[in-house]
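# Secondary and tertiary structure notes
So you can see what is in the structure, the chains are spelled out below.
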Amino acid sequence: MRYDIPSARAGAKIGLLGGSFDPPHAGHVHISRAALKRFGLDEVWWLVSPGNPLKSTGPAPIARRMATANAMITHPRIKVTDFEAQAGTRYTAATLKVLFAEYPKVDFTWLMGADNLAEFHLWGQWDWIMKNVRVGVLARPRDRLRALCSPTARRFRTARLPESERMLLAKAQPPAWCFVNLPMVDISSTQLRANGGWKR
């Protein structure tokens, strides 16, 4: 099956930033730009999900989130896609399996904030994800210690690349992950909703 998704050449290094983007904000742009530079990626794709299986309430309509995300992207190597909605997947592992089939010669790196690493062991098939895709972790305020002491970090401690070798991550053989410290924009979708800046 073919999907209306970004094109990528064989050997391309693509970072995947998944999430509900409810709403998308400057923090998403910031970590995407940082990932391009820190990990030497060719592109970053925002995977705007239909909904987060770990959350009890649904997000705003995906068409609105996609439009808002596209409106705020100005970098030519950051792209927005609703691939999960097209493929009918809700869990990251299932999404990755379809992406691997669609792009067998592309080198994918899963990107996430340190807060996600801290709770990664709660994700479906988290162990499979770590063993099958490279993972780039971008530090967020307050979450560094909790993330590096998490069950995932402990289990895959021998697969961690030092930050000094971060440029090797995008071509490393999984399991491989790298934790990168960087100045972060201390903003979240949760805060924006709580402050009334985004109505579902």
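Reference entry: report on the structure contained in this document.

Criteria and cut-off values
Residues numbered from 1 in each chain as written. Predicted model: local features only at pLDDT ≥ 70, side-chain atom pairs only at ≥ 80, totals over all residues. Heavy atoms only, no water. Salt bridge = Lys/Arg side-chain N within 4 Å of Asp/Glu carboxyl O. Helix = DSSP H or I, 4+ residues; strand = E, 2+ residues; numbered from the N terminus. Buried < 20%, exposed > 50% of the residue type's maximum accessible area, 1.4 Å probe, protein only. Pairing = 2+ DSSP bridges. Contact = heavy atoms within 4.5 Å. Axes fitted to C-alpha atoms, helices over the stretch in contact; angles between N-to-C directions. Phe/Tyr/Trp six-rings, centres within 6.5 Å; stacked < 30°, edge-to-face > 60°. Lys NZ or Arg CZ within 6 Å of the ring centre and 35° of its normal.

### Some details on the pattern of salt bridges
One pass over the full model with this rule turns up eight salt bridges. Here Arg9 ties to Asp42 by a salt bridge, and the two come within 3.3 Å at their closest N and O atoms. Taken together, the residues Arg9 in the segment before β1 (13-19) and Asp42 in the loop between α1 (26-38) and β2 (43-48) connect sequence positions 33 residues apart. Here Glu119 ties to Arg146 by a salt bridge, and the two come within 4.0 Å at their closest N and O atoms.

### Things to note about the environment of Ala85
The residue Ala85 is located in helix α3 (residues 83-87) in this model. Ala85 sits in the partly exposed class, given a relative accessible area of 36%.

### Describing the sheet that holds strand β3 (residues 78-81)
With parallel pairing, the seven strands of this open sheet are ordered in space as β3-β2-β1-β4-β5-β7-β6. Single-partner strands in this sheet number two, and they are β3 and β6 (160-161). By the bridge criterion, six bridges tie β1 to β2 in an arrangement that is parallel. Its bridge partner lying in β2, Leu17 is registered against Trp46. Lying over the sheet, α1 contacts β1, β2, β3, β4 (107-113), β5 (134-138) and β7 (177-180), oriented at roughly 145° with respect to β2. Against the sheet, helix α2 (residues 62-72) makes contact with β2 and β3, and its axis sits at roughly 155° relative to β2, the strand it touches most.

### Re the pairing of β5
Burial analysis of β5 places five of its five residues in the buried class, which makes it a mostly covered element. Taken together, the five bridges between β4 and β5 define a ladder with parallel strand orientation. Residue pairing across strands places Leu111 opposite Gly136, the latter belonging to β5. Judged from the four bridges that link them, β5 and β7 form a sheet pairing that is parallel. What sits directly across from Leu138, in β7, is Val180.

### Notes on the pairing of β1
Pairing of β1 with β4 involves five bridges; the strand directions are parallel. By the bridge assignment, Leu17 is partnered in β4 with Leu111.

### Points about the packing of aromatic side chains
Counted under the stated rule, the structure contains nine aromatic pairs. Both rings, one in Phe21 and one in Trp46, keep their centres 4.9 Å apart while their planes meet at 15°; by these two values the pair is stacked. In this pair, Phe21 is assigned in the loop between β1 and α1 and Trp46 in strand β2, connecting sequence segments 25 residues apart. Assigned by exposure class, Phe21 and Trp46 land together as buried. Ring geometry for Tyr103 versus Phe108: centroids 5.8 Å apart, planes at 80°, classification edge-to-face. The two residues Tyr103 and Phe108 agree in class, both being buried. Over the face of the ring belonging to Trp128 we find Lys97, whose NZ or CZ atom lies 4.9 Å from the ring centre.

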